[in-house]
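Single-letter residue listing:
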Amino acid sequence: MMLQVSIMRISVREVILYGKKYNPKIIFGVAVVGIVLVINIVWIFSLSEKRVLKADYPYYSEVEDITIAADAIIVGKVIDAEKVQEMNVNTDPQTRNEVDSIPYTVSKFEAIEIVKGDINVGDIIEVKQLGDFKNIPEATLEEIDGYFKLGNLELLFLASYDDGTPYSTLNPTQGAVQVLEDQTLYSASKYSLFGYETKARSVPQTLDDAIEKISQYIK
């Protein structure tokens, strides 16, 4: 039997990801697909299973939507991975002290190619993923083995923060796509806009294809 042992309210900006750039067209699109934005993270456990973090994220139905929502889109190589940090991501000064820090797994990327955003080729950036990858993982990332691995090349759709905390992917299932050695894309999530069963879908199959598609929606 699954039990909710604690519910912690954190920043809307962190978990809702990240409405600050939505124009009316995107807001309408969000309404059409019935996205539910939740600002709670739930700790779940059972006697026979390890604890996990459960969170809900926005879903992007089109490449245009995720491109507009992202503060930065890059191709990056993982040069350091699986470092766990406790962070308080609540940006509201009135409620910040009421919220406990929560674990994030932080990886370092070298920027190889810039598609969008104020990052330069060769920059080293940090990207955080919700949960302690080993002890208290985020449920979706655990399911798809989505925590970044050392040496991987990834196409990243990122949100940035003014408070200096690391970047985040826009969501666990669509915010990162692995680039394989032959430049094809791979994702373990059926919700990904790239790299999942590409032969059966009319979606970009290679990194160049994806960048060409994304570039159509960058102003």
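For the structure itself, look to the data block above.
On a predicted model such as this, the values are computed, not experimentally measured, just so you know.

Visitor: What exactly am I supposed to notice about a negative patch on the surface here?
Guide: Taken together, Glu113, Asp208, Asp209 and Glu212 make up a surface patch of like negative charges. With 3 residues, helix α5 (residues 207-215) is the largest single contributor of residues to the negative patch. Topologically, aspartate 208 is positioned in helix α5.

Visitor: What's the story with the pairing of strand β4 (residues 72-87) in this structure? I'm lost.
Guide: Consecutive side chains of a regular strand alternate in pointing toward one face of the sheet and then the other. Across 6 bridges, the pairing between β4 and strand β8 (residues 153-159) is antiparallel. Looking at the pairing, alanine 72 lines up with leucine 158 of β8. Bridge count between β4 and strand β5 (residues 102-116): 12 bridges; the pairing is antiparallel. In the sheet register, valine 75 faces β5, and the bridge partner there is glutamate 113.

Visitor: Honestly, unusual backbone geometry in this entry has me stumped. Any pointers?
Guide: Note: most peptide bonds trans; most residues except glycine with negative phi. Not every positive phi belongs to a glycine, and glutamate 82 is a case in point at roughly 60 degrees. Secondary-structure assignment places glutamate 82 in strand β4. The class of glutamate 82 is partly exposed, set by a relative accessible area of 34%. The backbone phi angle of aspartate 145 is positive, close to 50 degrees, even though this residue is not glycine. Relative to the assigned elements, aspartate 145 resides in the loop between α4 (139-144) and β8.

Visitor: Help me understand the nonpolar core in this model?
Guide: Nonpolar side chains in soluble globular proteins generally cluster together in the buried interior. Core analysis: the largest hydrophobic core is formed by 22 residues, its most contacted members being Leu155, Phe157, Leu170, Phe194 and Ile214. Considering each element in turn, this core owes the most residues, 4 residues, to α5. Excluding anything up to four places from it in sequence, leucine 155 contacts Ile73, Ile74, Val75, Gly175, Ala176, Val177, Val179, Leu207, Ala210 and Ile214. Of all hydrophobic cores here, the second largest spans 14 residues; its members include Ile74, Ala81, Ala111 and Tyr167.

Visitor: Can you help me understand the environment of valine 121 in this one?
Guide: The residue valine 121 is located in the loop between β5 and β6 (124-132) in this model. Along the chain, valine 121 and glutamate 110 lie 11 residues apart, while their C-alpha atoms are 7.9 Å from each other. In contact with valine 121, not counting residues within four places along its chain, are Ala111, Ile112, Glu113 and Ile114.

Visitor: Any chance you could explain the packing of aromatic side chains here in plain terms?
Guide: The geometry of two aromatic rings is summed up by the distance between their centres and the angle between their planes. Applying the stated rule across the entire model yields 4 aromatic pairs. When the ring of tyrosine 59 is compared with that of tyrosine 191, the centres are 6.1 Å apart and the planes differ by 80 degrees; the resulting orientation is edge-to-face. Placement of the pair is tyrosine 59 in the loop between β3 (49-54) and α3 (63-69) and tyrosine 191 in the loop between β11 (185-186) and α5, with a sequence separation of 132 residues. Given the relative accessible area of 44%, tyrosine 191 is considered partly exposed. Positioned above the aromatic ring of tyrosine 104, the side-chain terminus of lysine 128 is 5.8 Å from the ring centre.

Rules behind the numbers
Residues numbered from 1 in each chain as written. Predicted model: local features only at pLDDT ≥ 70, side-chain atom pairs only at ≥ 80, totals over all residues. Heavy atoms only, no water. Patch = residues over 30% accessible without salt bridge, like charges linked within 9 Å, V, L, I, M, F, W, Y side chains within 5 Å. Areas by Shrake-Rupley, 256 points an atom, 1.4 Å probe, with all protein chains shown as cover. Salt bridge = Lys/Arg side-chain N within 4 Å of Asp/Glu carboxyl O. Lys, Arg positive; Asp, Glu negative; His and termini not counted. Charge placed at Lys NZ, Arg CZ, Asp CG, Glu CD. Helix = DSSP H or I, 4+ residues; strand = E, 2+ residues; numbered from the N terminus. Pairing = 2+ DSSP bridges. Buried < 20%, exposed > 50% of the residue type's maximum accessible area, 1.4 Å probe, protein only. Core = buried A, V, L, I, M, F, W, Y, C linked by side-chain atoms within 4.5 Å. Contact = heavy atoms within 4.5 Å. Phe/Tyr/Trp six-rings, centres within 6.5 Å; stacked < 30°, edge-to-face > 60°. Lys NZ or Arg CZ within 6 Å of the ring centre and 35° of its normal.

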